[in-house]
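Residue-level listing of the chains:
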Amino acid sequence: ANLYLDPLDHYVKETLRVRGYVRYMDDFLLFGETKMGLACLRHLIRGFLESLRLELHPGKQEIHPIRCGIPFLGFRVFPDRRRIKRENVTRFLRRMKKKREEVRSGAISEAKYRESLLAWIAHAEHGETRALRKALFCRLAA
């Protein structure tokens, strides 16, 4: 995705001159001053992507005020912080409880359990989650 969408990055930054642009793999965000301006950019980007034989996902082209937070990569992004989405926490707890049972039954090793735990910690550290992680690990240890 990074290689294939490199032309999109150049188009958005150099041709459209969008200052607020973030992309990770095939997910991207645009920041702008007005809804109308963002809708116009969406139209231009849609046309550009057609030249690459790609299209925007119909259900993922929303325009939100930034003060409400923008869902992106498992977080809700605000101008001054990133909060992990509640569903991700719930899924993590469910998955870790299941893996803990698998360790007890011998289906997976303690090392495999620890790998899963560390992977989620690495993801969660991208947001303001220190207190959340502490509370979750106390809960998991019980």
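For clarity, every value in this text was computed on a predicted model and none was experimentally measured.

**Q** Could you clarify how one ought to interpret a nonpolar patch on the surface in this entry?
**A** A contiguous nonpolar patch, built from Tyr-24, Met-25 and Leu-73 and spanning about 270 Å² of accessible area, is present on the exposed surface. One can find Leu-73 in the loop between β3 (70-72) and β4 (75-77). You can call Leu-73 partly exposed: its relative accessible area is 34%.

**Q** Hey, could you run me through the confidence of the model for the chain in this one?
**A** In regions of low pLDDT, the predicted coordinates are not meant to be interpreted in detail. Of all residues in the chain, 99% have pLDDT values of 70 or greater, and the mean over the chain is 90. Here helix α5 (residues 130-141) stands out as the element of the chain with the lowest mean pLDDT, 83, in contrast to helix α1 (residues 6-15), whose mean of 96 is the highest.

**Q** Teacher, can you tell me more about the pairing of strand β2 (residues 27-31) here?
**A** On a regular strand, one side chain projects to one face of the sheet and the next to the other, so that they alternate. Across 5 bridges, the pairing between strand β1 (residues 20-24) and β2 is antiparallel. Across the sheet, the residue bridging to Gly-20 is Phe-31, located in β2.

**Q** What's the story with the sheet that holds β4 in this structure? I'm lost.
**A** Sheet strands pair by backbone hydrogen bonding; their relative direction is either parallel or antiparallel. The strand order β3-β4-β5 describes an open sheet built from 3 strands, whose pairing is antiparallel. Each edge of the open sheet carries a strand with a single partner, namely β3 and β5 (82-84). Strand-to-strand twist of the sheet, defined as the mean angle between neighbouring strand axes without regard to direction, takes the value 30°.

**Q** Please explain the environment of Leu-73 as it appears in this structure.
**A** On a C-alpha basis, the gap between Leu-73 and Phe-28 in space is 9.6 Å, while along the polypeptide they are 45 residues apart. Excluding anything up to four places from it in sequence, Leu-73 contacts Tyr-24, Asp-27 and His-123.

**Q** Help me out: how do you make sense of the packing of helix α4 (residues 110-124) against α5 in this one?
**A** Each pair of packed helices can be summarised by the angle the axes make with each other and by the distance between the axes. α5 packs onto α4 with a crossing angle of 160° between their chain directions and a minimal axis gap of 12 Å. The orientation of α4 with respect to α5, classified from their angle, is roughly antiparallel. Our pair here, α4 against α5, has a crossing hand that is right-handed. Of α5, the residues touching α4 (which contributes Leu-117, Trp-120, Ile-121 and Ala-124) are Arg-133, Leu-136, Phe-137 and Leu-140. Its residues assigned to classes, the contact of α4 with α5 shows 7 nonpolar, no polar and 1 charged.

**Q** Is there a simple way to think about the packing of aromatic side chains in this case?
**A** Aromatic ring pairs are described here by two measures, namely the spacing of the ring centres and the angle between the planes. In the structure shown here, the tally under the stated rule is 4 aromatic pairs. Note on Tyr-11 and Phe-48: the rings are 4.3 Å apart at their centroids and 5° apart in plane angle, and the pair reads as stacked. Placement of the pair is Tyr-11 in helix α1 and Phe-48 in helix α2 (residues 35-51), with a sequence separation of 37 residues. Ring centres of Phe-92 and Trp-120 lie 3.9 Å apart, and the angle between their planes is 15°; this geometry places the pair in the stacked category. Taken together, the residues span a long stretch of sequence, with Phe-92 in helix α3 (residues 86-105) and Trp-120 in helix α4 at a distance of 28 residues. No difference in accessibility class separates Phe-92 from Trp-120, as the two residues are buried. Through pairs of rings, three or more aromatic residues link up here, namely Phe-92, Trp-120 and Phe-137. Across from the ring centre of Phe-78, 4.1 Å away, lies the NZ or CZ of Arg-81, which sits over that ring.

Reading the values: rules and limits
Residue numbers restart at each chain and count upward from 1, following the sequence in its written direction. Only residues with pLDDT of 70 or above have their local features reported here, since the model is predicted, and side-chain atom pairs are shown and tallied only from 80 upward, although totals for entire chains, interfaces and linings are computed over all residues. Side-chain measures were taken over the full set of non-hydrogen atoms in the model, leaving aside hydrogen atoms and water. In this scheme, patches are assembled from residues that exceed 30% relative accessible area and form no salt bridge. Like charges are connected within 9 Å, while nonpolar side chains (Val, Leu, Ile, Met, Phe, Trp, Tyr) are connected within 5 Å. The Shrake-Rupley method, run with a 1.4 Å probe, gives the accessible areas here. Residue values count only the displayed protein chains as cover. We define a salt bridge as a side-chain nitrogen of Lys or Arg found within 4 Å of a carboxyl oxygen belonging to Asp or Glu. Comment: elements are numbered from the N terminus, with helices defined as DSSP H or I runs of at least four residues and strands as E runs of at least two. Accessibility here uses a 1.4 Å probe with only protein chains present; expressed as a share of the type maximum, an area under 20% marks a residue as buried, one over 50% as exposed, and anything in between as partly exposed. Each residue carries a pLDDT score, the predictor's confidence in it, ranging from 0 to 100. DSSP calls a pair of strands paired once it identifies at least 2 bridges connecting them. Lines fitted to C-alpha atoms define the axes, with helix axes restricted to the stretch in contact, and inter-axis angles between N-to-C directions lie between 0 and 180 degrees. Residues count as neighbours in contact if any of their non-hydrogen atoms are within 4.5 Å of one another. These descriptions rest on fixed angle ranges, namely under 35 degrees for roughly parallel, over 145 for roughly antiparallel, 65 to 115 for roughly perpendicular, and the rest for oblique. Definitions for this section: a left-handed crossing has its near helix turned counterclockwise from the far helix by less than a right angle. A right-handed crossing has that turn clockwise. Side-chain classes are defined by residue name, with Ala, Val, Leu, Ile, Met, Phe, Trp, Tyr, Cys and Pro counting as nonpolar, Asp, Glu, Lys and Arg as charged, and the others, Gly among them, as polar. Aromatic pairs are defined between Phe, Tyr and Trp rings, using the six-membered ring for Trp, whenever the two ring centres lie within 6.5 Å; interplanar angles under 30 degrees are classed as stacked, those over 60 as edge-to-face, and all others as tilted. Two conditions define a charge sitting above a ring: the NZ of Lys or the CZ of Arg must be within 6 Å of the ring centre, and it must be within 35 degrees of the ring normal.

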